[in-house]
Amino acid sequence: MPIIPSGKVATSWSVYFVRTRFNALYCGISNDVERRFALHQAGRGAKALRGKMPLQLVWQYHVGSRSLAARVEYALKQLPKSTKEQLILGHRKIHIDHTNSVQIMLSI
């Protein structure tokens, strides 16, 4: 991992979707998606997922910074579920325009 000027190791963030047994989608961010998903499965992650096992990690997308990941997460949460499903299935692709504010552009 690259070292930033303060001497800290720069971390790389991703946004992800988890599907619950009720077919609901949970969107989250992490700098280690596999570790975070393991926490969710152990019931120690987000409260929204507790008691909704089994869980499936169905989609993840590398973003970069934590700030950008949080903005992308918010934008994805605003999408209708049908669009999220198309993204998960690969029928749509995500393009991030982060000039002033994050805009999620989905292409077919």
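What this report covers is the structure whose coordinates are included nearby. (Residues numbered from 1 in each chain as written. Predicted model: local features only at pLDDT ≥ 70, side-chain atom pairs only at ≥ 80, totals over all residues. Heavy atoms only, no water.)

It is worth spelling out the nonpolar core at this point. Judged by nonpolar contacts, the single largest core of 18 residues is most densely connected at Val 15, Phe 17, Trp 59, Val 72, Leu 76 and Ile 94. When residues of this core are traced back to their parent elements, those giving at least two are β1 (13-19), β2 (25-30), β3 (56-64), α2 (66-77) and α3 (81-89). Counting residues per element, this core draws most heavily on α2, at five residues. In this structure, Tyr 26, Val 33, Ala 46 and Leu 55 belong to the second largest nonpolar core, which totals eight residues. (Core = buried A, V, L, I, M, F, W, Y, C linked by side-chain atoms within 4.5 Å. Buried < 20%, exposed > 50% of the residue type's maximum accessible area, 1.4 Å probe, protein only. Helix = DSSP H or I, 4+ residues; strand = E, 2+ residues; numbered from the N terminus.)

So, on to unusual backbone geometry. Following Met 53, the chain continues into Pro 54 via a peptide bond in cis, with omega recorded as -5°. Backbone geometry places Asn 23, a non-glycine residue, at a positive phi of 70°. Turning to its location among the elements, Asn 23 is positioned in the loop between β1 and β2.

Ordered by their spatial adjacency, three strands build an open sheet running β2-β1-β3, and the pairing between neighbours is antiparallel. Each edge of the sheet is formed by a strand with only one pairing partner; in this case those strands are β2 and β3. Neighbouring strand axes in the sheet, compared pairwise and without regard to direction, differ in orientation by 20° on average. When β1 meets β2, the two strands line up antiparallel, connected through six bridges. Directly across from Val 15, in β2, lies its bridge partner Ile 29. Sitting on the sheet, α2 is in contact with β1, β2 and β3, with an inclination near 170° to β2. (Pairing = 2+ DSSP bridges. Axes fitted to C-alpha atoms, helices over the stretch in contact; angles between N-to-C directions. Contact = heavy atoms within 4.5 Å.)

Purely spatial values, then, with no claim about function.
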